[in-house]
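Residue-level listing of the chains:
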Amino acid sequence: MTDSFDQIFVRIKQWLLTPLASHAPAWLVQIASSLINIFALLGVFLTLFALVSVLERKILARIQNRYGPNRVGPFGLFQPIADGIKMLIKEDIVPARADNIVHFLAPILIAAAAILALGVIPYGRNMTPFTIDGGILFFFAVGSTTELAVFMAGWGSNNKFSMLGAMRAIAQMISYELPLIVTVLPVVMIVGALNPDTIVAAQGGYALGFVPRWFVFTPWGAVAFTLFFVSGLVESNRTPFDVPEGESEIVAGHMTEYSGFKYATFFMAEYIGMFAISGLGITVFLGGWHAPLSILEFIPSYAWFFAKLSILIFVYIWVRGTLPRTRVDQIMNFAWKFMLPMAFTCVIASAVWHYAGRGLRGWLWSFVVIATVYTALSIALDTRRKFASRTYRFAE
Amino acid sequence: MNSVAFAAIAVLTLAGAVAAATLPKLMHAALSLVIAFVGLAAFFFLLGAEFVGLVLIFVYVGAVAVLIVFTILLTRRDVATDRGFNWSGVAVAIAVLAGLVWAISKTQSLAVAAPQIEPLTVKRIGELLMTSYVWPLQCVGVLLTAALIGALVLVMEEKQ
C-alpha cells in the first residue's frame, strides 16, 4: 500500500507508455517518455510558481501587518490568474533603439536555463526526470548561462539603467557562483559521485537509530549548507542581495525596458531559479526525498521533497520580509573575503571528517577546523571603528 | 536517429560560426559564437562524453563568452559600427584549416573501425586525474592561481 502510493506517478507514466512500447520503435518511446517528464515538470513548477507568487505577497503582508491580495477568489488565491491575464494583454513595448533580436531572446534564454536546471533533481524514489552521470555539473553549467542572458537583456535594451543593472547582476552572480560550487564539493568528495541520485542514496538510513544521515547534520555540512543558502539568495537576486533592482536608483535593472509578458517571463525565471537552487540544496544537504524519521517513511517520498522545498521557500520569503538590503561593495567583500575562504574550509573539514572515521572523533575534529578558521576570519575582517579623536577632511 | 541529430547539430554549429564571422555588429558576432559553443557541446553529448560537453558549456558559455562580451563593451567606443572585412583574419583562418586538414589526413586511426570502449564516466575521469595525471593537474592549478593573483595585482589600487 505504502509502496503503491510512493510509486504512483512512476506507475502512471509506465501505464501511459505501455501501449506505445508494443507498437512504436524504441526512439519514439524514448521521446514520448521525455515529453511526459517535461510536461509533468512544467505543470508542477508553473503551478507552484503561481501559488508561491501569491503566498509570498500574503506572507509579506502578514509580516508587515496588512492584508495583502484578498479580492480575487477565496483569500485572494486566484490572484495569479488575474495577474497572468493582465500580463498577457499588456502592450509589448520595445524601445525604438533597442536591439530587437537580442532584446527578444534574453527572456527566453533566462527562462530556458532556469527550467533546464530543474531536470536533474530527484523529486522522489525513481522520480528523477533526466538521469545524467554528471547531474550536479549539468546544474551549474546550465546555471552559468543565466549571466549571458542577463547581459543580453541589459545590452539589448540600449538603456543606461538596464546596462548598469545587468553589470551589477553579473558581478554578484559570478562572485557567488564560486562559493555555491565549492560548498557542493565536500558532498561530491564524500559520496564520490556527481550523480544526484547517488548523493540522495548516500544520505539514506539513520545514525544511532533516529538521526537521519543527512549531510546537514555534520559540522562541515551545516556550514556548507548555510553558505550554499546565502549564495542561493544572491544567485536568485533575492533580498537582502537584490541590488540589481532598485526603484530609487536603477529602476528595475536589466528588466527596465521589458513590459507585458516578457517581464512576466523574467519574473517566472527568477522564481523557477529559486526552486531549482532550493531543490539542489535539498538533494545535496537535506537528504533529498528521505524522511526525517523512520516511522514517517509511510509518507510518499515526493511529499517529503516538496515539504522540504516549501520550508526553504518560506525561509526565502521570511528573509525578504525581515532583512534590509546590502550595498554592492558589501556584497562583493563578503563573497571574496568571507564566503570563499569558509567554503574552502568546508572542503578541508569534510576531508578531516572522512579520515577521522566519520564518527564522533571526525565530528569533533572537523568542528575544530571550522571553528578555528571562522574565529581567525572574524578577527581579521573586523571593521568596527575604534574610538579615536575625530578628524576632519575639507574640500580643497 | 544519431545521424539526424548529427546533421541538425552540425547545421546549428556551422550557422553559429558563419554568423560569428560575418555579422556586421561585433556584439552579435560574439553572441553567435556562443551558439557555436553550444553546438560543439551537443556534439560531445552525442558522442557520450558528457563531462567534456558540460565543461565546455560551463567554461566557454558561462565564463569565456561573458569575458568576450565584456571585453568588447569595455574596450570599444563604437560597438555598433561596421567593422569591414578583415583579410588578415581570412588568411589566419585558412592557415588553421590547412593545418587541421593536414593533421587529420596524416592520422592512421580514421581507417580502422572504432574499438569497443567502456563509457567515459565522470568517476573514471576523476580517478585518472587523481592518479596518472595528478602532476599535470597540479601544475595547471598553480598556473591558474598565479594568473588569478596576477590579475588582482594588476587592478589593485596603488597606495600613495
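Residues numbered from 1 in each chain as written. Chains lettered and ligands numbered in written order. Predicted model: local features only at pLDDT ≥ 70, side-chain atom pairs only at ≥ 80, totals over all residues. Heavy atoms only, no water.

> Please give an account of the overall build of chain A that cites residues and values.
Along its length, chain A carries 13 helices and two strands. Whereas a compact globule of 396 residues would reach a radius of gyration of roughly 21 Å, chain A reaches 23 Å, a difference of no more than 12%. Reported as C-alpha extents along the three principal axes, the dimensions of chain A are approximately 85 × 60 × 40 Å. The buried share among the 396 residues of chain A stands at 49%. For chain A, contacts bridging at least 24 residues in sequence account for 75% of all contacts bridging at least 6. By element, 69% of the accessible surface of chain A is carried by carbon and sulfur atoms, the whole surface being about 20,300 Å². (Helix = DSSP H or I, 4+ residues; strand = E, 2+ residues; numbered from the N terminus. Rg over C-alpha atoms; globule rule 2.2 N^0.38 Å. Buried < 20%, exposed > 50% of the residue type's maximum accessible area, 1.4 Å probe, protein only. Contact = heavy atoms within 4.5 Å. Areas by Shrake-Rupley, 256 points an atom, 1.4 Å probe, with all protein chains shown as cover.)

> Can you tell me about the nonpolar core, naming the residues and giving the values?
Residue and element names in this part refer to chain A. Core analysis: the biggest nonpolar cluster contains 118 residues, and Phe 139, Phe 151 and Phe 285 have the highest contact counts within it. Sorting elements by how many residues they give to this core places helix H6 (residues 135-156) first, with 14 residues. Discounting chain neighbours no more than four positions away, the residues touching Phe 285 are Thr 183, Val 187, Gln 203, Trp 214, Phe 215, Val 216, Gly 221, Ala 224, Phe 225 and Phe 228. (Core = buried A, V, L, I, M, F, W, Y, C linked by side-chain atoms within 4.5 Å.)

> I'd like a description of the interface of chain B and chain A, backed by residues and values.
With 23 residues of chain B at the contact, the number on the chain A side is 25 residues. Buried area between chain B and chain A, both sides added, is near 2,100 Å², and the carbon and sulfur share of it is 82%. On the surface where chain B and chain A come into contact, there are zero salt bridges. At the surface where chain B touches chain A, the tally comes to two residue pairs in polar contact (both at pLDDT 80 or more). Looking at the side of chain B that touches chain A, the elements with two or more residues in it are helix H2 (26-46), helix H3 (50-75) and helix H5 (122-130) of chain B. The element contributing the most residues to the side of chain B that touches chain A is H3 of chain B, with 13 residues. Residue composition of the side of chain B that touches chain A, grouped by class: 17 nonpolar, three polar and three charged. (Buried area = accessible area lost by both parts, 1.4 Å probe. Salt bridge = Lys/Arg side-chain N within 4 Å of Asp/Glu carboxyl O. Polar contact = N/O pair within 3.5 Å; in protein donor to acceptor, adjacent residues only side chain to side chain. Nonpolar A, V, L, I, M, F, W, Y, C, P; charged D, E, K, R; others polar.)

> Lay out the packing of aromatic side chains with the relevant residues and their values.
Residue and element names in this part refer to chain A. One pass over the structure, following the stated rule, counts 27 aromatic pairs over all chains. An angle of 40° between the planes, with centres 5.6 Å apart, marks the rings of Phe 215 and Trp 220 as tilted. This pair shows no difference in class: Phe 215 is buried, exactly as Trp 220 is. Ring geometry for Trp 220 versus Trp 353: centroids 5.4 Å apart, planes at 65°, classification edge-to-face. (Phe/Tyr/Trp six-rings, centres within 6.5 Å; stacked < 30°, edge-to-face > 60°.)

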